[in-house]
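Read off the chains here:
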Amino acid sequence: MTINDLRGVLKGRVLLPGDDGFEQATTAWNLTVRQPVAAVVEAADADDVAALVRYARRSGMTVTAQPSGHGASGDVEGLILLRTGLLNEVEVRAKERVVRVGAGAKWGQVLAAAGPLGLTGLAGSAPGVSVTGYTLGGGVGWFSRTYGLASDSVRAIDIVNADGEPGRVSAESDPELFWALRGGGGDFAMVTALELQLYPVPALYGGRVIWPEHRTRQVYEAFLEITAEAPRELSVWINRLHPPGAPPLVTLDLAYLGEAAQGQDLLARLDKIEGAISDSRGVIPIADLGDITAEPTDPAPSIARAELLTGLEEDAVELLLAKPVEPLINVQIRHLGGALAEPGGGAGASGTVAEPYLLGLLGLGLPHAADATRAKQAEIVADLKAYISGHKPYTLLSPGETAAKSFPGGTLARLREIKRARDPHNVFRANYPVHG
């Protein structure tokens, strides 16, 4: 059987180079990432996934899966790109506080289904990101200070193994594979569905406050004061923004899992900073969680880099404020800590995140701007070298990096052993393979 013959076996589309729609189907969400794959398969269901894996195993080919390509690395030359966007079912079992999601479901769907029931999953900032890709990589989001990494909230996983056989993985049925998939990426099996723990949301208060650039130091001082004493139910992110063609700004993004009155008290320090351009703080329906940051929903050429910081002492803040943001669009600091830093008995391969802050650097990836973007990111990282741990969760890796940055030596060695045992012929390749 050839790749072309798959058209007679699968219910979903098979696209080859030269076919109408092939180039579009290979496109990652980040348009700076190129994906020179041998074919694209758009699975109609889990049976299609199993049939494709059996074909790849027999023919000596490798499959990489992407619902939408938010985490694409570009390391896919000659591979079969599996699009799982049609596997997008979402089933909330409210009494169990569990949601079952297909491999192509997005966080916005989960929040829309769970929110009216007073529940939430551990989503990130962008509702258009796939639940599966985000969760298999660990997943650091708005409620991680309260409940930990998204990967540690997985209760069961539907997979297709390297022989093309479907199965269900849990802590009881296969603890080794269950551990590896939760934070170790998708190198060990093809995931077709997840079951995730949901959490009660009595209320959610938050929003974004924007000030002009000359308030940056005052906003940073408030950020440090608030995060020094913040309960784990409160997450605060600070952004130095310089949108193309617009004046520089400083913003605080805020989410508090609690009543509005308590949130207002915790954030009263912000009311002392005059001159806010806008302030959207208020009660937020869980379904509208993505509105806090209002991140772009359409594919765009961008270059992102993330680093974990061991602290934000006075000299680190001075380094962050000393230079303009341009040519970057955003220099962001997220407050971490809380449950992220606490080891749990049921933790997956991601382990814990001990560092208290996350640095995010975002710039344009357009040809005329890419070199300047990377240079500025490297400059900021060099300035903050004394505070950068060098470790980061898998979900924060970016093109050019490897899985070795996400795992201590012993963890990486264990993941590689599991890869060799479960997929000795490399039928699967994650965005950042643990074996290379």
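One structure accompanies this document, and this report is about it.

1. Brief notes about the nonpolar core
Grouped together as the largest cluster of nonpolar side chains are 54 residues, with contacts concentrated most on I157 and L204. No other element matches the 5 residues that helix α6 (residues 175–181) contributes to this core. With sequence-adjacent residues up to four places away left out, I157 is seen in contact with G167, R168, V169, F178, L181, R182, V191, A193 and L194. Counting 37 residues, the second-largest nonpolar core is a separate cluster that includes I226, A230, L270 and I273.

2. Here's the deal with the environment of T132
By the secondary structure assignment, T132 is in helix α4 (residues 131–136). Contact partners of T132, with chain neighbours within four places excluded, come to G102, A103, V191 and L194.

3. Side note on the pattern of salt bridges
If you walk through the whole model with that rule in mind, you get 28 salt bridges. The partner of R168 in a salt bridge is D158, and the shortest N-O contact between them spans 3.4 Å. A residue pair is termed long-range when its members are at least 10 positions apart, and R168 in strand β9 (residues 166–169) and D158 in strand β8 (residues 154–160) qualify at 10 residues. Overall, the relative accessible area of 46% leaves R168 in the partly exposed class. The class for D158 is buried, based on a relative accessible area of 14%. As a salt-bridge pair, R217 and E318 come within 2.8 Å of each other at their nearest N and O atoms. You can see R217 sitting in helix α7 (residues 216–229) and its partner E318 sitting in helix α9 (residues 314–321), a full 101 residues away along the chain. With a relative accessible area of 33%, E318 lands in the partly exposed category. Here the residues in one salt-bridge network are R93, E96, R100, D158, R168 and E195, joined through shared partners.

4. Describing the sheet that holds β8
Strand order in this open sheet of 5 strands is β5-β6-β10-β8-β9, and the pairing throughout is antiparallel. Edge positions in the sheet fall to β5 (90–93) and β9, since each has one partner strand and no second. Between one strand axis and the next, the sheet turns through 15 degrees on average, direction left out of account. Inspection of the sheet shows β5 paired to strand β6 (residues 98–102) by 4 bridges, in the antiparallel sense. By the bridge assignment for β6, R93 is matched with V98.

5. As for the packing of aromatic side chains
Counting across every chain of the model gives 7 aromatic pairs. When the ring of W142 is compared with that of W237, the centres are 3.6 Å apart and the planes differ by 5 degrees; the resulting orientation is stacked. Taken together, the positions of W142 in the loop between α4 and α5 (144–147) and W237 in strand β13 (residues 234–241) put the pair 95 residues apart, joining distant regions of the chain. With relative accessibility at 2%, the residue W237 sits in the buried group. The structure contains a cluster of three or more aromatic residues connected by ring pairs, namely Y220, F223 and Y357. One residue, R334, lies across the ring of W237, its end atom 3.7 Å from the ring centre. Looking at R414, its charged tip hangs above the ring of W179, at a distance of 3.6 Å from the centre.

6. Overview of the pairing of β13
Burial of β13 is extensive: 8 of the 8 residues sit out of reach of the surface. Alternating residues of β13 divide into L234, V236, I238 and R240 and S235, W237, N239 and L241, and every residue in both groups is buried. Note: β13 against strand β14 (residues 249–256), 8 bridges, orientation antiparallel. When the sheet's bridge partners are listed, L241 is paired in β14 with L249. Bridging between β13 and strand β18 (residues 328–335) involves 5 bridges; their strand directions are antiparallel.

7. Quick word on α7
The end-to-end C-alpha separation of α7 is 21 Å, in line with the 20 Å expected for 14 residues at 1.5 Å each. For α7, the set of buried residues is T216, V219, Y220, A222, F223, I226 and T227. The buried side chains of α7 occupy one side of the element, clustering within an arc of 160 degrees when seen end-on. The outward face of α7, more than 90 degrees from its buried face, is lined by the exposed residues A228 and E229.

8. Some details on the pairing of β8
Among the 7 residues that make up β8, 6 are buried, leaving the element largely enclosed by the rest of the structure. Of the pairings in the sheet, the one linking β8 to strand β10 (residues 190–197) comprises 6 bridges and is antiparallel in character. Its bridge partner lying in β10, I159 is registered against V191. Sheet topology note: the β8/β9 ladder contains 4 bridges and is antiparallel. By the bridge assignment for β9, V160 is matched with P166.

9. Regarding the side chain of T373
With respect to the helices and strands, the residue T373 is situated in helix α10 (residues 370–383). Using a relative accessible area of 0% as the deciding quantity, one classes T373 as buried. Apart from residues no more than four positions distant in its own chain, T373 is found in contact with I303, P327, L328, G363 and L364.

Conventions we followed
As a convention, each chain's residues are numbered from 1 in the sequence order in which they are written. pLDDT decides what is reported in this predicted model: residues at 70 or higher carry local features, side-chain atom pairs at 80 or more are listed and counted, and totals for whole chains, interfaces and linings draw on all residues regardless. With hydrogens and water stripped out, all remaining heavy atoms of the structure feed into the side-chain values. The term nonpolar core refers to a set of buried residues drawn from Ala, Val, Leu, Ile, Met, Phe, Trp, Tyr and Cys, joined through side-chain atoms within 4.5 Å. Using a 1.4 Å probe on the protein chains alone, a residue whose accessible area is under 20% of its type maximum counts as buried, one over 50% counts as exposed, and one in between counts as partly exposed. Only runs of H or I of at least four residues qualify as helices and only runs of E of at least two qualify as strands under DSSP, and these elements are numbered from the N terminus. The contact criterion used throughout is that any non-hydrogen atoms of two residues lie within 4.5 Å. Should a side-chain nitrogen of Lys or Arg be within 4 Å of a carboxyl oxygen of Asp or Glu, the pair is scored as a salt bridge. Paired strands, as defined in this entry, are two strands with at least two bridges between them according to DSSP. An axis is simply a line fitted to the C-alpha atoms; with a helix, the fit covers only the stretch in contact. Between two such axes, the angle follows the N-to-C directions and lies from 0 to 180 degrees. The pairing test for Phe, Tyr and Trp rings, Trp by its six-membered ring, is centres within 6.5 Å, and the orientation test on the planes gives stacked under 30 degrees, edge-to-face over 60, and tilted for anything in between. Each ring is checked for a lysine NZ or an arginine CZ that lies within 6 Å of its centre and within 35 degrees of its normal; such an atom marks a charge sitting over the ring. Helix span, as expected, comes to 1.5 Å for every residue beyond the first. To obtain the arc, one takes the directions from the helix axis to the C-beta atoms.

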